[in-house]
Amino acid sequence: SEPRRNLPLFLESGVYRFEDSNAVFVDPVRALNRSLTRFSISPSAYYSRFFESNPCDVANGGPNGRKRKRRAKKPVVLNDRERVAAQRHQDARPYLVKAHESLLGATELRSFMLKMRGELAITEDRKSLPPGVPPSFIELGRLWQAPLYEMTLNFLQEKLTGDGGPLIIHSKEQKVLPIFDNLVHNETKDDSVAEFLGSQYVIPRESCFYMSDLQQIRKMIPVECDARFHLIVIDPPWENGSAQQKLRYPTLPNKYMLALPVQQLAHREGALVALWVTNREKLRNFIEKELFPAWGVKFLATFYWLKVKSDGSLICDLDLFHHRPYECILLGFCDKEDMEPRDLARLSNIQDKRVLISVPGEYSRKPPLEELVLEYIPGTKPARCVELFARDMRAGWFSWGNEPLHFQELRYFQKR
Ligand code: SAM
């Protein structure tokens, strides 16, 4: 039977550890809320697809998407690459099945998930999200005027007003800063609010961002060695031919990733690298043969993100060839001059094929994976963490990308 203490721990941390497998269930809303002081993430805004009866429909063209015609089944003949991909899937399958069984067996957690879904449906009106379209950082950042755009960073007074209605900012101090190609840092121990072209953005305590195109990425490498990073999370805009993706952000050819200065970003005490990848075999092959060697990253393990609906069922069939209900995270490390032998030993004992289960948020939004990797991050604590191609910010983290403020817009939050 389930130990009863797991649920209270989950409510506090957003992470539920199963006793009978190497999997964890994560509620990104709870986990990310630990980054915030005055605000919390609005569950209905995060789980905007939580309410869809079949999120797979969303992946295939939205709830209104036309029904696919069932084609007569032809015997499937796999080419060499597809055979390797099928083998990778077979290797992962027992771990994914076991993780899913653990979730289905965790009755306490599952009834909590269903209750949460019921509460969200009743209490949160999704349509109550503030109207209006926030500026597209991707578009603005490409304009010749980009260097002239400024934002106002407000350091807040004790109390915020504007319950239910628009937020009224009472700031004790303001800073006006260029928003593109510039390091913006909230050094305080309190959330601050940035204003830009009529929209507001939550900037968590001790977090910073650098918003630029890949061409400018070298400018964000900290000059001081000790300001470099022990954990480097990378979620590149891999090409995948999905029309859904093209609407949301531009993609880049694989070889552009060779230009990421991973070695230069790594701390002298070593760095754990977590790379999100798609299930395309061509990409996996490129990473193993070219990208990790070019970055000087040594491969450690593969973790999986298994996507479920709020009733605990998988978002689509586990064995669908072109739409898997999971994505992979490849873990590797940069061995640096001041890396401690005990950190190296811990990394070499990393458990392979761990599974993180969660209900997906918006398109391509990844769940936080710190809890799974925390124990392996080398170096002095607190670890210095960076996310490349970020669309949000965390307390204590550095976010880089062409839209790191995207999910920081006030519409995704509520006041505590
Ligand atoms: N990890 C993010 C999340 O959980 O929301 C998703 C990242 S998404 C896969 C890739 C990001 O890379 C998008 O925000 C996209 O706009 C950004 N991107 C695309 N081309 C870029 C470029 N040339 N320079 C910087 N960022 C770029």
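The written sequence of each chain sets the order in which its residues are numbered from 1. The model is predicted, so local features are restricted to residues of pLDDT at least 70 and side-chain atom pairs to those at 80 or more, both for listing and for counting; the totals for chains, interfaces and linings are taken over all residues. Note that the side-chain values use all heavy atoms of the structure and ignore hydrogens as well as water.

1. A short note on the side chain of Glu409
Test applied: Think of it this way: any DSSP run of H or I at least four residues long counts as a helix, any run of E at least two long counts as a strand, and we number them from the N terminus. Remark: exposure states derive from per-residue accessible area (1.4 Å probe, protein chains only) relative to the maximum for the residue type, with buried under 20%, exposed over 50%, and partly exposed in between. In protein, a polar contact means a hydrogen-donor-capable atom and an acceptor-capable atom, both N or O and within 3.5 Å, with residues adjacent in sequence counting only if both atoms are side-chain atoms; elsewhere, any N or O pair within 3.5 Å suffices. Two residues form a contact once any of their heavy atoms are found within 4.5 Å.
With respect to the helices, strands and loops of the structure, Glu409 is situated in the loop between strand E16 (397-401) and strand E17 (413-415). Judged by its relative accessible area of 7%, Glu409 falls in the buried class. Among the polar contacts listed, one links the side chain of Glu409 to the side chain of Arg411, at a separation of 2.7 Å. The residues touching Glu409, leaving out its near neighbours within four places in the chain, are Pro134, Ser199, Gln200 and Tyr201.

2. Quick notes on the packing of aromatic side chains
Here is the rule we go by: The rule is short: rings of Phe, Tyr and Trp, with Trp giving its six-membered ring, pair when the centres are within 6.5 Å, and they are stacked under 30 degrees, edge-to-face over 60, tilted in between. Working rule: Lys NZ or Arg CZ, within 6 Å of ring centre, within 35 degrees of ring normal, means a charge sits over the ring.
Summed over the entire model, instances satisfying the criterion amount to 16 aromatic pairs. Centroid distance Phe10 to Phe25: 5.9 Å. Interplanar angle 50°. Geometry classified as tilted. One end of the pair, Phe10, is in helix H1 (residues 6-13); the other, Phe25, is in strand E2 (residues 23-26), and 15 residues separate them in sequence. Measuring from centroid to centroid gives 5.0 Å for Phe389 and Trp400, while their planes differ by 70°, and the two rings are edge-to-face. In this pair, Phe389 sits in the loop between strand E15 (385-388) and E16 while Trp400 sits in strand E16, placing the two residues 11 residues apart along the sequence. Residue class for Phe389 comes out buried when judged on its relative accessible area of 15%. On the basis of relative accessible area, Trp400 is assigned to the buried category, the value being 1%. In this structure an aromatic cluster arises from ring pairing among Phe10, Tyr16, Phe18, Phe25 and Phe112. Sitting over the face of the ring of Trp276, Lys366 holds its NZ or CZ atom 5.7 Å from the ring centroid.

3. What about the environment of Gly332?
Relative to the helices and strands, Gly332 resides in strand E13 (residues 326-334). Residue class for Gly332 comes out buried when judged on its relative accessible area of 0%. Those residues in contact with Gly332 that sit more than four places away from it in its chain are Ala271, Leu272, Val273, Phe292, Val297, Lys298, Phe299 and Leu300.

4. Considerations on the packing of helix H5 (residues 80-105) against helix H10 (residues 281-295)
This is how it is decided: Fitted lines through C-alpha atoms serve as axes, helices being fitted only where they are in contact, and the angles separating the N-to-C directions of these axes extend from 0 to 180 degrees. Any angle from 65 to 115 degrees is called roughly perpendicular, while one under 35 is roughly parallel, one over 145 is roughly antiparallel, and all others are oblique. Lys, Arg, Asp and Glu make up the charged group, whereas Ala, Val, Leu, Ile, Met, Phe, Trp, Tyr, Cys and Pro make up the nonpolar group; the residues left over, Gly among them, are polar.
As a packed pair, H5 and H10 sit with axes 9 Å apart at the nearest point and diverge in direction by 80°. Overall, the two elements H5 and H10 adopt an arrangement that is roughly perpendicular. For the pair formed by H5 and H10, the contact residues are Arg81, Val84, Ala85 and Arg88 on the first element and Glu281, Lys282, Arg284 and Glu288 on the second. Along the lines of polarity and charge, the residues of the contact of H5 with H10 split into 2 nonpolar, no polar and 6 charged.

5. Re the sheet that holds strand E11 (residues 271-277)
For clarity, the threshold we go by: Any two strands between which DSSP finds at least two bridges are classified as paired.
Here 11 strands make up an open sheet; going across it, the order is E1-E2-E14-E12-E13-E11-E10-E15-E16-E9-E6 and the pairing mixed. With one partner strand each, in any of the chains shown, strand E1 (15-17) and strand E6 (183-185) form the two edges of the open sheet. In this sheet, neighbouring strand axes are inclined to one another by 20° on average, regardless of whether the strands run parallel or antiparallel. Pairing between E1 and E2: 3 bridges, direction antiparallel. By the bridge assignment, Tyr16 is partnered in E2 with Phe25. Sitting on the sheet, H5 is in contact with E2, strand E12 (298-307), E13 and strand E14 (355-358), with an inclination near 50° to E14. Helix-sheet contacts for H10 involve strand E10 (231-234), E11, E12 and E13, and the interaxial angle to E11 is about 155°.

6. Description of the site of the ligand
Filter applied, for reference: What makes a residue near a molecule or strand is one non-hydrogen atom of that residue sitting within 4 Å of it. Note on areas: these come from Shrake-Rupley sampling with a 1.4 Å probe, and a residue is covered only by the protein chains present in the view.
Near the ligand you find 20 residues, and of these Asp235, Lys366, Arg391, Asn402 and Glu403 are the closest. A distance of 2.8 Å separates an oxygen atom of the ligand from a polar atom in the backbone of Lys366. Relative to its unbound accessible surface of 600 Å², the ligand loses 97% to contact with the protein.

7. Let's talk about the pairing of E12
Among the 10 residues of E12, 8 are classified as buried, and the element is accordingly described as predominantly covered. Note that E12 and E13 share 8 bridges and pair antiparallel. Paired with Tyr304 across the two strands is Cys328, which belongs to E13. Note: E12 against E14, 4 bridges, orientation parallel. Of the residues in E14, the one forming a bridge with Trp305 is Leu356.

8. Observations regarding the pattern of salt bridges
Note the following rule: A pairing counts as a salt bridge when a side-chain nitrogen of Lys or Arg comes within 4 Å of a carboxyl oxygen of Asp or Glu.
Per the counting criterion, the structure on display carries 23 salt bridges. When the shortest N-O distance is used, the salt bridge between Asp352 and Lys353 registers 3.3 Å. The class for Asp352 is partly exposed, based on a relative accessible area of 35%. Here the salt bridges share partners, and the residues they tie into one network are Arg17, Arg34 and Glu371.

9. Comments concerning unusual backbone geometry
Here the bond from Lys381 into Pro382 is cis, since omega is -5°, no more than 30 degrees from zero. Structurally, the position occupied by Pro382 is in the loop between helix H12 (370-373) and E15. In the Ramachandran plot, Asp181 falls in the positive-phi region, its phi being about 55° despite a non-glycine side chain. With respect to the element layout, Asp181 can be found in the loop between strand E5 (171-178) and E6. Positive phi values are uncommon outside glycine, yet Leu197 reaches one of about 45°. Turning to its location among the elements, Leu197 is positioned in the loop between strand E7 (192-196) and strand E8 (199-203).

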